[in-house]
Amino acid sequence: MKQKLSVPVALLALLMTVMVLAQYEVIDLYIQTIILFVGINIIISSSLNLVNGHMGEFSCGHAGFIAVGAYVSSVLSVALFTQDRVFGAPLLPPQYAFIGFPLVLLAGGIAAAFAGLLVALPSFKTRGDYLAIITIAANYIIITLIINIDKIGGARGFMGMKRVIFAMEDVAEIPWMILWVFLFTILSIIAIRRFVSSTYGKGIIAIQQDEVAAEIMSVNTNKMKLIAFMLSSGLAGIAGGLYAHVIGYVNPKSFDILKSTEALVMVYLGGMGSITGSILSAVLFTLLLELLRPLQIIKWVAIPLLLIILMQFRPEGIMGNRELSDIFPRLKKFYRFK
Amino acid sequence: MTVLKITKLTQYFSGLRALADFNIQLEEGELVGLIGPNGAGKTTVFNLVSGFYQPTEGVISFLGQPITGLKPHQVTAHGIARTFQNIRLWNEMTVLDNIMLAQHSSLDYGIRDLFFRTGRYQRREREIRDLAMELLEIFKLREVAEEKPKNLSYGLQRKVEIARALSSKPKLLLLDEPAAGLPSRDVVELIDLIRWIHREFKIAIWMIEHQMKVVMSLCSRITVIDFGVVIAEGTPEEIQHHPDVIKAYLGDDQL
Ligand SMILES: Nc1ncnc2c1ncn2[C@@H]1O[C@H](COP(=O)(O)OP(=O)(O)OP(=O)(O)O)[C@@H](O)[C@H]1O
Ligand SMILES: [Mg+2]
């Protein structure tokens, strides 16, 4: 029992440490932002991995769902808790922002999940390869829609989310976003893990390994695909909401196909169907992206090159389809949720 | 009571007639065989019954209810399970997971139970696991519960596949050439196993088999098809001496 508690205790200690370091400005804003991006990218890669890794489909437009979550939660939080030029006076007292914020994030996630449903419904009825094309198209459609809605800034982007953070800071002067990103990253990982370790969720692993056998041996494959896709895009939406509030500003261009490609790179770098692989690759990739930032556009030579090298020498990714606990079985006794 | 009733079942594959006007009735607790030369349409019959193909024509009813047009997983939920001619296990999952997963249509908990690990979730997962472990015990597969099927011998994979089919608690079991690819020593064991399953689980079994030894020693009744058409029906003795059957199998040394 003591051992089983060690993971939550370690996580709590990590959170407290980072928050205290940020509170007393031992780590500067730049480092804080990188840490926040790590968390957000963990959600992005592990949620895409659910569809591309565990289920073995090929979704290429993850950024579209990140965008839906980012915009829905941003518009909601700005309209609800701040004085805004377009949306006017706050609809709720700003001091409730710290309670309302997680709910607003969830609303963004739910909106993204429904966007996912709209994309999945036509594509899973037809043959598998169509999903790739339809998700790329969906990614473009979502961005084009956003650009054409003037009320949310159109191509100029949407801002005002920093004021939501200030509203939270008026209640208590702590690094709120570190708390939220941490919390939602952990919750996302728990959700994905609980899903794929249940007999229910293993239905999608059966689909990946032999879809015909899955359908004939009692798995409602169409329904499972929809559910997994909605879960995946819903979590992407939550990541989008977090991203928007960390940056304080969103622009449709930040959610284009390049962002989707980043998500794909993380999934293949980490290993298909490995949650620990996705976490590991999100950490590595975020750091790598920061290192390559001075190169600007050239990083888009470096990253595909990395992917090609990876496919040559380790096509199964860092972890393959294994988890850390498969490689070090002793870790198992520390895990709570299996 | 009639378990399975098939009337006028016909299947075309873009012009090719794979099955024509096929009729059969299986009673409770029967063990019946379906034989015929290569490409005769035997697997097609099973694919139609399990809902994998939608018939061009004909009606399939199970325990008095029409099941034509249902999706495969719905057919499984009604109580029909099957094995495949070329073993189709989920090879990257453990044997235990393979067997547990066949209960997917009777999970009886929702996605909310799964995320919150409710009492219902835990109870049902325990029951699902217990049933799977019981089957592993019965089939003497306990030691390989955590193995991946691809690492097992062909004979063991066959056994796992039958155990997986039984895990969905079927009332009718369809076996598509269960003895295919087995060494003769294992064939004898398989015959005993099928006989034992038939008696213990009290279910109807319908099997396709190429090896005459297997059908002859197990089935009370056999249907023979050739080019999608029934050419003979009857007891093993009647079938063995039926002139049309001998003609269809001419040159086939398996008879
Ligand atoms: N999906 C399909 N599309 C087109 N033709 C098919 C399809 N499935 C089966 N057939 C054809 O239908 C005929 C019957 O095939 P089936 O697999 O039912 O034979 P079988 O009796 O099981 O043979 P075997 O003993 O070789 O397993 C064959 O000519 C086969 O090529
Ligand atoms: Mg066949």
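For the structure, check the block above.
Residues numbered from 1 in each chain as written. Chains lettered and ligands numbered in written order. Predicted model: local features only at pLDDT ≥ 70, side-chain atom pairs only at ≥ 80, totals over all residues. Heavy atoms only, no water.

### Here's the deal with the overall build of chain B
For step 1, the next point in the chain: The helix and strand inventory of chain B stands at 10 helices and 10 strands.
For step 2, the next point in the chain: For the C-alpha atoms alone, the extent of chain B along its principal axes is close to 65 × 40 × 35 Å.
For step 3, the next point in the chain: Going through the 255 residues of chain B one by one, you find that 54% of them count as buried.
For step 4, the next point in the chain: Long-range contacts, defined as pairs at least 24 residues apart, comprise 67% of the intrachain contacts of chain B with a sequence gap of at least 6.
For step 5, the next point in the chain: Summing over all exposed atoms, chain B offers an accessible surface of approximately 11,400 Å²; the carbon and sulfur share of this is 50%. (Helix = DSSP H or I, 4+ residues; strand = E, 2+ residues; numbered from the N terminus. Buried < 20%, exposed > 50% of the residue type's maximum accessible area, 1.4 Å probe, protein only. Contact = heavy atoms within 4.5 Å. Areas by Shrake-Rupley, 256 points an atom, 1.4 Å probe, with all protein chains shown as cover.)

### A look at the coordination of the magnesium ion (ligand 2)
All names here are of chain B.
For step 1, the next point in the chain: At the metal site, the magnesium ion (ligand 2) is ligated by Thr43 (OG1) and Gln85 (OE1), and these contacts range over 1.9 to 2.1 Å. You can see Thr43 sitting in helix H1 (residues 42-49) and its partner Gln85 sitting in the loop between strand E6 (80-82) and helix H3 (95-101), a full 42 residues away along the chain.
For step 2, the next point in the chain: The exposure class of Thr43 is partly exposed, given its relative accessible area of 24%.
For step 3, the next point in the chain: Judged by relative accessible area, Gln85 falls into the partly exposed class, the value being 29%. (Donors = N, O, S within 2.8 Å, 3.2 Å for Na, K, Ca; no water.)

### Overview of the site of ligand 1
Residues and elements named next belong to chain B.
For step 1, the next point in the chain: Close to ligand 1 lie 14 residues, the nearest being Gly39, Lys42, Thr43, Thr44 and Gln85.
For step 2, the next point in the chain: Contact between ligand 1 and Ala40: an oxygen atom at 3.1 Å from a main-chain N or O atom of the residue.
For step 3, the next point in the chain: Residue Gln85 places a side-chain N or O atom 2.7 Å away from an oxygen atom belonging to ligand 1.
For step 4, the next point in the chain: Here ligand 1 has 640 Å² of accessible area as a free molecule, and 64% of this is covered by the chains.
For step 5, the next point in the chain: Elements represented by at least two residues in the shell around ligand 1 include exactly strand E2 (16-27) and H1.
For step 6, the next point in the chain: Residue composition of the shell around ligand 1, grouped by class: 5 nonpolar, 7 polar and 2 charged. (Near = heavy atom within 4 Å. Polar contact = N/O pair within 3.5 Å; in protein donor to acceptor, adjacent residues only side chain to side chain. Nonpolar A, V, L, I, M, F, W, Y, C, P; charged D, E, K, R; others polar.)

### Looking at the sheet that holds E2(B)
Residue and element names in this part refer to chain B.
For step 1, the next point in the chain: If you trace the 4 strands from one edge of the open sheet to the other, you get E2-E1-E4-E5, paired in antiparallel fashion. The sheet is open, and its two edges are formed by E2 and strand E5 (65-66), each paired on a single side.
For step 2, the next point in the chain: Relative to E5, strand E4 (residues 57-62) is paired through 2 bridges, and the arrangement is antiparallel. For Ser61, the partnering residue across the bridge sits in E5 and is Pro66. (Pairing = 2+ DSSP bridges.)

### Some details on the nonpolar core
For step 1, the next point in the chain: Core analysis: the largest hydrophobic core is formed by 157 residues, its most contacted members being Ile40(A), Met177(A), Phe195(A), Leu242(A), Phe255(A) and Phe139(B).
For step 2, the next point in the chain: When residues of this core are assigned to their parent elements, the largest contribution, 14 residues, is made by helix H10 (residues 221-247) of chain A.
For step 3, the next point in the chain: Apart from residues lying up to four places away in sequence, Met177(A) is in contact with Leu36(A), Phe101(A), Ile165(A), Leu242(A), His245(A) and Val246(A).
For step 4, the next point in the chain: Val32(B), Ile60(B), Phe62(B) and Ile80(B) belong to the second-largest nonpolar core, a separate cluster that totals 26 residues. (Core = buried A, V, L, I, M, F, W, Y, C linked by side-chain atoms within 4.5 Å.)

### A look at unusual backbone geometry
For step 1, the next point in the chain: Unlike most non-glycine residues, Glu25(A) shows phi in positive territory, near 55°.
For step 2, the next point in the chain: Within the secondary structure layout, Glu25(A) lies in the loop between helix H1 (6-23) and helix H2 (29-54).

### Observations regarding the pattern of salt bridges
For step 1, the next point in the chain: According to the stated counting rule, one finds 20 salt bridges over all chains in the structure shown.
For step 2, the next point in the chain: Residues Glu290(A) and Arg293(A) are paired through a salt bridge, measuring 2.8 Å at the closest nitrogen-oxygen approach.
For step 3, the next point in the chain: According to the relative accessible area criterion, Glu290(A) is buried, its value standing at 12%.
For step 4, the next point in the chain: In this structure Arg293(A) comes out as partly exposed when scored by relative accessible area, which is 41%.
For step 5, the next point in the chain: Taking the shortest distance from any N to any O, the salt bridge between Asp176(B) and Arg82(B) comes out at 4.0 Å. Here Arg82(B) lies in strand E6 and Asp176(B) lies in strand E7 (residues 172-176), a separation of 94 residues in the sequence. For the pair formed by Asp176(B) and Arg82(B), the shared burial category is buried.
For step 6, the next point in the chain: A network of salt bridges, in which partner residues are shared, links Glu57(A), Glu211(A) and Lys225(A). (Salt bridge = Lys/Arg side-chain N within 4 Å of Asp/Glu carboxyl O.)

### As for helix H4 (residues 97-125) of chain A
For step 1, the next point in the chain: Helix length check: H4(A) (29 residues) gives 42 Å between terminal C-alpha atoms against 42 Å at 1.5 Å per residue, within 8%.
For step 2, the next point in the chain: Where H4(A) bends most, at Val119(A), the angle is about 30°, and the proline Pro122(A) comes one to four residues later. (Expected span 1.5 Å × (residues − 1). Bend = angle between axes of the 7 residues up to and from the residue.)

### Brief notes about the sheet that holds E6(B)
Residues and elements named next belong to chain B.
For step 1, the next point in the chain: Read from one edge to the other, the open sheet built from 6 strands follows the order E6-E7-E8-E3-E9-E10, with strand pairing classed as mixed. Only two strands of the sheet have a single neighbouring strand rather than two, namely E6 and strand E10 (229-234). Adjacent strand axes in the sheet meet at a mean angle of 20°, parallel and antiparallel pairs treated alike.
For step 2, the next point in the chain: As paired strands, E7 and strand E8 (residues 204-208) are joined by 5 bridges and run parallel to one another. Paired with Leu175 across the two strands is Met207, which belongs to E8.
For step 3, the next point in the chain: Contacts between H1 and the sheet are confined to strand E3 (31-35), E6, E7, E8 and strand E9 (221-226), with E8 contributing the most and set at about 140° to the helix. (Axes fitted to C-alpha atoms, helices over the stretch in contact; angles between N-to-C directions.)

### Digging into the interface of chain B and chain A
For step 1, the next point in the chain: The partner chain A presents 29 residues to the 32 residues of chain B that form the contact.
For step 2, the next point in the chain: Between Lys202(A) and Asp97(B) there is a salt bridge, and its shortest N-O distance comes to 3.0 Å.
For step 3, the next point in the chain: Every element with two or more residues in the side of chain B that touches chain A is listed here: helix H2 (72-78), H3, helix H4 (111-116), helix H5 (119-138) and helix H6 (154-167) of chain B.
For step 4, the next point in the chain: With 4 residues, the single largest contributor to the side of chain B that touches chain A is H4(B).
For step 5, the next point in the chain: Along the lines of polarity and charge, the residues of the side of chain B that touches chain A split into 17 nonpolar, 7 polar and 8 charged.

### Regarding helix H11 (residues 257-270) of chain A
Residue and element names in this part refer to chain A.
For step 1, the next point in the chain: A rise of 1.5 Å per residue sets the reference length of H11, with its 14 residues, at 20 Å; its end C-alpha atoms lie 20 Å apart and thus fit the reference within 8%.
For step 2, the next point in the chain: Buried residues dominate H11, accounting for 11 of its 14 residues.
For step 3, the next point in the chain: Burial in H11 covers these residues: Lys259, Ser260, Glu262, Ala263, Leu264, Val265, Met266, Val267, Tyr268, Leu269 and Gly270.
For step 4, the next point in the chain: Buried positions along H11 lie against H2, helix H3 (62-81), helix H5 (130-148), H10, helix H12 (275-292) and helix H13 (299-313).
For step 5, the next point in the chain: Looking one or two residues past H11, Gly271 carries a phi angle of roughly 120°, positive in sign.

Bear in mind that shape data such as this cannot, by itself, settle questions of function.
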